Amino acid sequence: MMDTHSRFFRISRKDIAYFKFVVESYEGMAVVRTRDPREAVAELMVAPGWEDEADRLIEELRKEIPLTP
């Protein structure tokens, strides 16, 4: 089992599926898990070695949807 680095974001419930779809389309980079669907808190579990790419993707996604760390 690999060690992932988790990051948490508050995200609008309507944007969770889109966020998950985009992140997971980068195969092997990260997995998204909804920690609390009522509060719309998503956990981004980034695989080792993918941190820089994940940071760039989050910055691009912030142009489309509100993401609050």
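Described below are features of the structure shown in this document.

### Quick look at the overall build of the protein
And step 1. Tallying secondary structure elements over the protein gives two helices and four strands in all.
And step 2. Shown N-terminal to C-terminal, the secondary structure of the protein runs as helices and strands in the order β-α-β-β-α-β.
And step 3. Radius of gyration (C-alpha) of the protein: 11 Å, near the 11 Å computed for a compact globule of 69 residues.
And step 4. The principal-axis extent of the C-alpha atoms belonging to the protein is close to 30 × 25 × 20 Å.
And step 5. Residues classed as buried in the protein amount to 36% of the 69 residues present.
And step 6. Here the protein displays about 4700 Å² of accessible surface, and carbon together with sulfur accounts for 53% of that area.
And step 7. For the protein, the centre of its 11 positive side-chain charges and the centre of its 14 negative side-chain charges are spaced 7 Å apart.

### Some words on the sheet that holds strand E3 (residues 41–46)
And step 1. Judged by pairing direction, the sheet is antiparallel, and its four strands sit side by side in the order E2-E3-E1-E4 without closing on themselves. Edge positions in the sheet fall to strand E2 (30–36) and strand E4 (67–68), since each of these pairs with one other strand and no more.
And step 2. Relative to E2, helix H1 (residues 16–24) is tilted by about 160 degrees, and along the sheet it contacts strand E1 (5–11), E2, E3 and E4.
And step 3. Packed onto the sheet, helix H2 (residues 51–61) meets E1, E3 and E4 and runs at close to 5 degrees relative to E1.

### Considering H2
And step 1. Restricting attention to buried positions, one finds in H2 the residues Ala54, Leu57, Ile58 and Leu61. The buried residues of H2 all sit within an arc of 100 degrees when viewed along its axis, so they share a single face. Summarising the geometry of H2, the exposed residues directed more than 90 degrees from the buried face are Asp52 and Arg56.
And step 2. For H2, the elements touching its buried residues are E1, H1, E3 and E4.

### Observations regarding the nonpolar core
And step 1. Residues Ile11, Phe19, Val23, Leu44, Leu61 and Leu67 are the most contacted members of the largest nonpolar core, which totals 19 residues.
And step 2. With sequence-adjacent residues up to four places away left out, Phe19 is seen in contact with Phe9, Ile11, Val32, Ala42, Ile58, Leu61, Ile65 and Leu67.

### A word on the pairing of E1
And step 1. Sheet analysis places E1 next to E3, joined by six bridges and oriented antiparallel. Note on E3: the bridge partner recorded for His5 is Val46.
And step 2. Both E1 and E4 contribute to a ladder of two bridges, which runs antiparallel. Residue pairing in the sheet places Ile11 in a bridge with Leu67 of E4.

Rules used throughout
Residues numbered from 1 in each chain as written. Predicted model: local features only at pLDDT ≥ 70, side-chain atom pairs only at ≥ 80, totals over all residues. Heavy atoms only, no water. Helix = DSSP H or I, 4+ residues; strand = E, 2+ residues; numbered from the N terminus. Rg over C-alpha atoms; globule rule 2.2 N^0.38 Å. Buried < 20%, exposed > 50% of the residue type's maximum accessible area, 1.4 Å probe, protein only. Areas by Shrake-Rupley, 256 points an atom, 1.4 Å probe, with all protein chains shown as cover. Lys, Arg positive; Asp, Glu negative; His and termini not counted. Charge placed at Lys NZ, Arg CZ, Asp CG, Glu CD. Pairing = 2+ DSSP bridges. Contact = heavy atoms within 4.5 Å. Axes fitted to C-alpha atoms, helices over the stretch in contact; angles between N-to-C directions. Arc of directions from axis to C-beta. Core = buried A, V, L, I, M, F, W, Y, C linked by side-chain atoms within 4.5 Å.

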